[in-house]
Amino acid sequence: MHQCSETYFSVSYDRKIREFCLEFLSFSVEFEHRFEPAWRLYMGLTREGLQLHLSEHRSDASPGAKIFIPVQNIAL
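First, a word on scope: everything that follows refers to the structure included in this document. (Residues numbered from 1 in each chain as written. Predicted model: local features only at pLDDT ≥ 70, side-chain atom pairs only at ≥ 80, totals over all residues. Heavy atoms only, no water.)

**Points about the packing of aromatic side chains**
And then number 1: A complete count under the given rule lists 3 aromatic pairs for this structure.
And then number 2: Measuring from ring centre to ring centre gives 5.6 Å for Phe20 and Phe24, while their planes differ by 20 degrees; the resulting arrangement is stacked. With Phe20 and Phe24 both in helix α1 (residues 14-24) and 4 residues apart, the pair spans about one turn of that helix.
And then number 3: Since its relative accessible area comes to 62%, Phe24 is described here as exposed.
And then number 4: Measuring from centroid to centroid gives 5.4 Å for Phe31 and Tyr42, while their planes differ by 50 degrees, and the two rings are tilted. Of the two residues, Phe31 is situated in strand β2 (residues 28-33) and Tyr42 in strand β3 (residues 42-47); the sequence distance between them amounts to 11 residues.
And then number 5: A relative accessible area of 26% means that Phe31 is categorised as partly exposed. (Phe/Tyr/Trp six-rings, centres within 6.5 Å; stacked < 30°, edge-to-face > 60°. Helix = DSSP H or I, 4+ residues; strand = E, 2+ residues; numbered from the N terminus. Buried < 20%, exposed > 50% of the residue type's maximum accessible area, 1.4 Å probe, protein only.)

This is the structure we're talking about:
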């Protein structure tokens, strides 16, 4: 289990984020929220105890932020 609990990232392009986080990195969607169907997305992802919060709202996080997650036993 990872020690970090919630990390917020500013994102855009909902389709590309889903492709990268869900298909490539194997995260699961914990929740999705929009005030209206066409409005900006706020989404929570999880994988093995790590939680990421992704938001299209510009004031939620700084674009270009980085996080380093220590991992073990990576199969190449």
